[in-house]
Amino acid sequence: MAARKKSSGRRKYGKAAGKRVESAMRRRKKGTLKSGRSGRKVKSRKQAIAIGLSEAREKGAKVPRKRSSKKSSSKRSSSRKRSSSKRSR
């Protein structure tokens, strides 16, 4: 019986995903990395990583799913309810 390694609970990314992120970071430094619709130059490190992971997802690399934003959507809906009730008065 082989002893199985206990997972640390961290997110697991494949090698291909790492290479995509690395490529995006290089393009950011070079000044050729551009964001989606607007086509503006990306200056943020975090945005460059997000773009790299998104590209990796599209190519089918091993990348964990995006987090669902259930908390933020519930806050928005409750604030909309309040504002609509004020208008009716």
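None of these values were measured; they are calculated from a predicted model.

S.K.: Looking at this structure, how should I read the overall build of the chain?
M.R.: Helix and strand content of the chain: 3 helices and 0 strands. Moving toward the C terminus, one meets the helices and strands of the chain in the order α-α-α. Buried residues in the chain amount to 17% of all 89 residues. Surface accessibility of the chain: about 8600 Å² in total, with carbon and sulfur atoms responsible for 48%.

S.K.: I tried to follow the packing of helix 1 (residues 15-30) against helix 2 (residues 45-59) on my own but got confused; where do I start?
M.R.: If you want to describe how two helices pack, look at the angle between their axes and the distance between the axes. In contact at an axis separation of 8 Å, helix 1 and helix 2 are set at 135 degrees when each is read in the N-to-C sense. Taken together, the axes of helix 1 and helix 2 lie oblique to each other. Two packed elements cross with a definite hand, and for helix 1 against helix 2 that hand is right-handed. Between helix 1 and helix 2, the residues in contact are Ala17, Arg20, Val21, Ala24, Met25, Arg27 and Arg28 and Arg45, Ala48, Ile49, Gly52, Leu53, Glu55, Ala56 and Lys59, respectively. Counted by class, the contact of helix 1 with helix 2 contains 8 nonpolar, 1 polar and 6 charged residues.

Calculation notes
- Residues numbered from 1 in each chain as written.
- Predicted model: local features only at pLDDT ≥ 70, side-chain atom pairs only at ≥ 80, totals over all residues.
- Heavy atoms only, no water.
- Helix = DSSP H or I, 4+ residues; strand = E, 2+ residues; numbered from the N terminus.
- Buried < 20%, exposed > 50% of the residue type's maximum accessible area, 1.4 Å probe, protein only.
- Areas by Shrake-Rupley, 256 points an atom, 1.4 Å probe, with all protein chains shown as cover.
- Axes fitted to C-alpha atoms, helices over the stretch in contact; angles between N-to-C directions.
- Parallel < 35°, antiparallel > 145°, perpendicular 65-115°, else oblique.
- Left-handed = near helix turned anticlockwise from the far one by under 90°.
- Contact = heavy atoms within 4.5 Å.
- Nonpolar A, V, L, I, M, F, W, Y, C, P; charged D, E, K, R; others polar.

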